[in-house]
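Structural characterization, general
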Amino acid sequence: DIVMTQSPDSLAVSLGERATINCKSSQSVLYSSNNKNYLAWYQQKPGQPPKLLIYWASTRKSGVPDRFSGSGSGTDFTLTISSLQAEDVAIYYCHQYYTTPWTFGQGTKVEI
Amino acid sequence: QVTLRESGPALVKPTQTLTLTCTFSGFSLTTSGMCVSWIRQPPGKALEWLARIDWDDDKYYSTSLKTRLTISKDTSKNQVVLTMTNMDPVDTATYYCARTRLLNGLDVWGQGTTVTVSS
């Protein structure tokens, strides 16, 4: 199974400041035939299901604010919140869908 | 509008078999590229992917749970069913179903159903 490791486990960021979450996979999730990274990011607020933010490592889902961005390739990925808002307080998960069994990172809690 | 809704028992006893149903609308599981997965989340813990069924009836399972899981679909009812045998208190969790379209991540999730395993 591909192991997804996120860092840090939690971080506190001031309103309006940048938040950066890292995700490392135990093997590459880059599919060479189409040059796509099979990596997604989700946001989960308390008592709610996860919400897809980013897929293909850097494609923002329609309706997701542009302060959320994803980057990286191969085994190392980053989710950046450029200017943290109060409503961004949540747990964020990375997820590889390159191969089954699909796997998630352990989550990163973002607080103000 | 795409929606998914999970249903099933809130409480099961150890060793029993759990049957969960995901009823969806707004898409068809006969459309090429469509998949439905089950994911669970124990209280205060991370997400765990359990199983997936594709439009062509291909099925995939968690390595650690594959001997206990069966996923199936009823396209006429727009439902996906997950069974998990030999339930244990460590299986207490919120169980979600979610859609994938053309491998663009899990783009729509149900609200989840909470299952407690206790005698």
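Residues numbered from 1 in each chain as written. Chains lettered and ligands numbered in written order. Predicted model: local features only at pLDDT ≥ 70, side-chain atom pairs only at ≥ 80, totals over all residues. Heavy atoms only, no water.

1. Concerning the sheet that holds strand β9 (residues 68–73) of chain A
Residues and elements named next belong to chain A. Judged by pairing direction, the sheet is antiparallel, and its four strands sit side by side in the order β1-β3-β10-β9 without closing on themselves. For this open sheet the edge positions go to β1 (4–7) and β9, each flanked by a neighbour on one side alone. Taken over all neighbouring pairs, the strand axes of this sheet differ in orientation by 20° on average, direction set aside. Pairing geometry for strand β3 (residues 19–25) and strand β10 (residues 76–81), over six bridges, is antiparallel. The residue of β10 that forms the bridge with C23 is F77. (Pairing = 2+ DSSP bridges. Helix = DSSP H or I, 4+ residues; strand = E, 2+ residues; numbered from the N terminus. Axes fitted to C-alpha atoms, helices over the stretch in contact; angles between N-to-C directions.)

2. Things to note about the layout of surface pockets
In this structure, the largest pocket spans a volume of roughly 440 Å³. What lines the largest pocket is a set of 26 residues, and nearest its centre among them are Q44, I91 and Y93 of chain A together with Q41 and G44 of chain B. Elements represented by at least two residues in the lining of the largest pocket include exactly β11 (90–96) and β13 (108–111) of chain A together with β9 (93–101) of chain B. Its residues placed into classes, the lining of the largest pocket shows 11 nonpolar, 11 polar and four charged. In this model, the second largest pocket occupies a volume close to 180 Å³. Every residue lining the second largest pocket is counted, 13 residues in all, and those nearest its centre are W102 and T103 of chain A together with L47, E48 and W49 of chain B. Residue classes in the lining of the second largest pocket are distributed as six nonpolar, five polar and two charged. (1 Å grid on protein atoms, 1.4 Å probe; cavity = no way out; pocket = protein on both sides within 12 Å on 5 of 7 lines; lining within 4 Å. Points joined across faces, edges and corners; volume = space filled by probe spheres on them. Nonpolar A, V, L, I, M, F, W, Y, C, P; charged D, E, K, R; others polar.)

3. A few points about the environment of L29 of chain B
As for its position among the elements, L29 of chain B is in the loop between β3 (18–25) and β4 (34–41). Once you skip the residues sitting within four places of it in the chain, L29 of chain B turns out to touch F24, M34, C35, V36, I53, W55, K73, T75 and V80 of chain B. (Contact = heavy atoms within 4.5 Å.)

4. Points about the sheet that holds strand β7 (residues 69–74) of chain B
Residues and elements named next belong to chain B. What the four strands build is an open sheet, ordered β1-β3-β8-β7; its pairing is antiparallel. Here the strands that pair on one side only, and so sit at the sheet edges, are β1 (3–7) and β7. Between one strand axis and the next, the sheet turns through 20° on average, direction left out of account. Here β3 runs beside strand β8 (residues 79–84); their pairing, made up of six bridges, is antiparallel. Paired with T19 across the strands is T83, a residue of β8.

5. Comments concerning the state of the cysteines
Under the defined criterion, the tally for this structure stands at two disulfides over all chains. With a sulfur-sulfur separation of 2.1 Å, C23 of chain A is cross-linked through a disulfide to C94 of chain A. One disulfide, between C23 of chain A and C94 of chain A, carries an S-S torsion of 75° and so falls in the right-handed class. Here C23 of chain A, found in strand β3, pairs with C94 of chain A, found in strand β11; they are 71 residues apart in sequence, far enough to count as distant. Both residues of the pair, C23 of chain A and C94 of chain A, belong to the buried class. Linked covalently through their sulfurs, C22 of chain B and C97 of chain B form a disulfide whose S-S length is 2.2 Å. The S-S bond linking C22 of chain B to C97 of chain B shows a torsion near 75°; that makes this disulfide right-handed. Taken together, the positions of C22 of chain B in strand β3 and C97 of chain B in strand β9 put the pair 75 residues apart, joining distant regions of the chain. By the burial criterion, C22 of chain B is buried, and C97 of chain B matches it. No disulfide involves C35 of chain B; its nearest neighbouring cysteine sulfur is the one of C22 of chain B, lying 13 Å away. Given the relative accessible area of 2%, C35 of chain B is considered buried. (Disulfide = S-S within 2.5 Å. Buried < 20%, exposed > 50% of the residue type's maximum accessible area, 1.4 Å probe, protein only.)

6. A short note on the interface of chain A and chain B
It is common to give the size of an interface as the accessible area lost on bringing the parts into contact. Each partner contributes residues to the interface: chain A has 20 residues there, and chain B has 24 residues. Both faces combined, the contact of chain A with chain B buries some 1,700 Å², and carbon together with sulfur accounts for 65% of it. Looking at the side of chain A facing chain B, the largest losses of area belong to P49, W102 and F104 of chain A, adding up to 35% of the total buried there. The interface formed by chain A and chain B holds zero salt bridges in total. At the surface where chain A touches chain B, the tally comes to seven residue pairs in polar contact (both at pLDDT 80 or more). Listed by contribution, the elements that provide at least two residues to the side of chain A that touches chain B are β6 (39–44), β7 (51–55) and β11 of chain A. (Buried area = accessible area lost by both parts, 1.4 Å probe. Salt bridge = Lys/Arg side-chain N within 4 Å of Asp/Glu carboxyl O. Polar contact = N/O pair within 3.5 Å; in protein donor to acceptor, adjacent residues only side chain to side chain.)

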